[in-house]
Amino acid sequence: MSKKYLFSLTITPIQSFIAQAKSTKDFYSGSQIISELIQELLTKFPNQEDIIFPARRSVVSNKIIAKIDIEEQEKLIEALQTSIKSFLSLTALCNGVSLQCDSKETQQLQDVFQLFYASVEINNNYKKSYIEVEKNLAIVKNLRRFNQISSKNICYVCGEREAFCRDKDSRYRCTLCYLKSKYDNSSYLSTAGIASLDWQDGLDTSAYKQNFKSFDEALFFEENLEEKYLKKHNHFKSKNIKSIKEELKKLSEEKPSRQYALINFDGDSVGKILSDGLDDIELELFHREFSKKLSNFSEQVKNIISSEKGRVVYSGGDDFLGFVNLYYLDEVLEEIKKSFDSIVNVYGIKISYSTSVVIAHYKAPLHKIIEYSRALLEDTKNKYSSKNSLVKGGIGIEVYSTTSRLSRFIGERKEFVQLKYFRGKKVNLYQLEKLFFFAKEEMDYHEYLTILKMMKIELKRFFLRREIGFSEIDIANIQSLLLSQVNRDNSIDLDNFFGFFKTVEQLSKDSNE
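In this report, we go over the structure that sits alongside the text. No experiment lies behind these values; they were computed from the predicted model shown.

A short note on the pattern of salt bridges
Phase 1 of the analysis: The tally for this structure, following the rule as stated, stands at 27 salt bridges.
Phase 2 of the analysis: Across the pair E299 and K302 runs a salt bridge whose closest N-O atoms are separated by 3.5 Å. Taken as a pair, E299 and K302 lie in helix α13 (residues 283-304) at a separation of three residues, close to a single helical turn.
Phase 3 of the analysis: By relative accessible area, which is 32% here, K302 ends up partly exposed.

The following block contains the structure:
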């Protein structure tokens, strides 16, 4: 009888590959390409029932765990390596990108992804085998190659690879980023399209769209109905612009929102959960069960962020990234929480997750917003990691104009709900910040107790002023918010405390201004 081995595989890069984008089309295309690559690799496993993770091919996961017969390993690895090397070249050819054999462009596509794998004999002890194979895989990943580029002609999108291909704006991209721009993906929406989804609902815009040579949802915003803009983006058609503006006003008395939200979600300590298991369930059984739950959650996320509410960029089970129309943001976040709790969080030990929400103007550079979203998620995880906090899992929120950050707050979920509660309530931020001039960055325990007491008294006095008109319950919530900003070294994160009220101020503004 053939010996069974536990085979663990990971592909890199995944998230950084998707994030290298200048437009939502690049963004969606990167995700779709990864999804198709994962599906292709999964087909190479001879016995599909031996695939433990992921449970479904539709999940965008950079990790595959499976049982294999030792006799099949060499053939499997060869098939995986061949697929990962040829996949992007074949995708490029299918999307009209011409390539020559052994050219620099072809070589660039072949070198994008790296495959790391390890296998160990199971020997009737799955948990021991899993821990060992993951340890071996970590060692192998430390040997990853790094390609140095000497060329001065670097791709303006990713900033990593040599640029060979000129795009429609006469700027040069690497072959990979050029492929993303040419990839056939009709499901994407521009950031202007995401921002205006609720406004478009119920409107017949077909006649209005006929006024343009080509159409983009940015043309729902009057500031873009100028001859210079229309000609630059190949929208211009020989028709009076004044009459087009009149047609736009007739579509709706209201103006569309200029803001959209980018949600980044990631489960906390999933690697440790996979190693340790939960509720004393035999580990292989737990892996198969947990994988199915994550796959079900992934599918549910796609239902929650439906086409009229936004777009899911990728969904990997324990993580996802998606655009959401601002009107539906609170509803979507609540539905995601309910879905995660009912589908995944059914064990005795609860699994936490961290979320970043970046609200941005539709004209803000997308590659920057993606970068800010990832950084905010990392900061949120760090703030609520087990080493730094008794609470795990938080939400970070930032608001951006076209050029700069307007506000930032990282808090627990109950504090995030308070943001909605306080919307519309005006607070003089300058006067509020002046209240705490006596606070220090570093304090011993006795100083901390004294200063915290003073701050709570001043807060109550400030918010009970007639012109502010906060209730006793409001003030109690604000005092609780202040207490949650206390770090273990007795310092107080006042920037985050003030950030709460700056974020309230931004969320209270009309998003179509």
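Brief notes about the environment of Y445
Phase 1 of the analysis: In this structure, Y445 sits in helix α18 (residues 445-463).
Phase 2 of the analysis: The spacing of Y445 and S491 is 46 residues in sequence and 9.5 Å in space, taken between C-alpha atoms.

Structural notes on the layout of surface pockets
Phase 1 of the analysis: As a volume, the largest pocket reaches approximately 1500 Å³.
Phase 2 of the analysis: In terms of lining residues, the largest pocket is bounded by 35 residues, among which K22, S23, K168, D216 and H233 are the most central.
Phase 3 of the analysis: At the level of elements, α2 (24-42), α6 (175-182), α7 (191-195), α10 (227-232) and α15 (366-383) are the ones that each hand at least two residues to the lining of the largest pocket.
Phase 4 of the analysis: Partitioning the lining of the largest pocket into residue classes produces 12 nonpolar, 10 polar and 13 charged.
Phase 5 of the analysis: Its boundaries defined by the atoms lining it, the second largest pocket holds a volume of some 920 Å³.

Considerations on the pairing of strand β7 (residues 259-267)
Phase 1 of the analysis: Counted residue by residue, β7 has nine buried out of nine residues, so it is predominantly covered.
Phase 2 of the analysis: The alternating pattern of β7 places Q259, A261, I263, F265 and G267 and Y260, L262, N264 and D266 on opposite faces, both of which are buried.
Phase 3 of the analysis: Pairing analysis gives nine bridges linking β7 to strand β10 (residues 353-361), with the strands arranged antiparallel. By the bridge assignment, A261 is partnered in β10 with I359.
Phase 4 of the analysis: Pairing between β7 and strand β9 (residues 319-325): seven bridges, direction antiparallel. Residue Y260 lies in a different strand from β9, and its bridge partner there is N325.

Section: the packing of aromatic side chains
Phase 1 of the analysis: Scanning the entire structure with this criterion turns up 33 aromatic pairs.
Phase 2 of the analysis: A ring pair is formed by Y28 and F323, whose centres lie 6.0 Å apart and whose planes are at 65 degrees; its orientation type is edge-to-face. Placement of the pair is Y28 in helix α2 and F323 in strand β9, with a sequence separation of 295 residues.
Phase 3 of the analysis: Relative accessible area serves as the criterion here: at 5%, Y28 is assigned to the buried category.
Phase 4 of the analysis: Overall, the relative accessible area of 0% leaves F323 in the buried class.
Phase 5 of the analysis: Following the ring pairs from residue to residue traces out a cluster consisting of F409, Y421, F422, F462, F463, F497, F498, F500 and F501.
Phase 6 of the analysis: The cationic tip of R171 hangs over the ring face of Y156; the distance from NZ or CZ to the ring centre is 3.9 Å.
Phase 7 of the analysis: Sitting over the face of the ring of F17, K180 holds its NZ or CZ atom 4.4 Å from the ring centroid.

Rules of the game
Residues numbered from 1 in each chain as written. Predicted model: local features only at pLDDT ≥ 70, side-chain atom pairs only at ≥ 80, totals over all residues. Heavy atoms only, no water. Salt bridge = Lys/Arg side-chain N within 4 Å of Asp/Glu carboxyl O. Helix = DSSP H or I, 4+ residues; strand = E, 2+ residues; numbered from the N terminus. Buried < 20%, exposed > 50% of the residue type's maximum accessible area, 1.4 Å probe, protein only. 1 Å grid on protein atoms, 1.4 Å probe; cavity = no way out; pocket = protein on both sides within 12 Å on 5 of 7 lines; lining within 4 Å. Points joined across faces, edges and corners; volume = space filled by probe spheres on them. Nonpolar A, V, L, I, M, F, W, Y, C, P; charged D, E, K, R; others polar. Pairing = 2+ DSSP bridges. Phe/Tyr/Trp six-rings, centres within 6.5 Å; stacked < 30°, edge-to-face > 60°. Lys NZ or Arg CZ within 6 Å of the ring centre and 35° of its normal.

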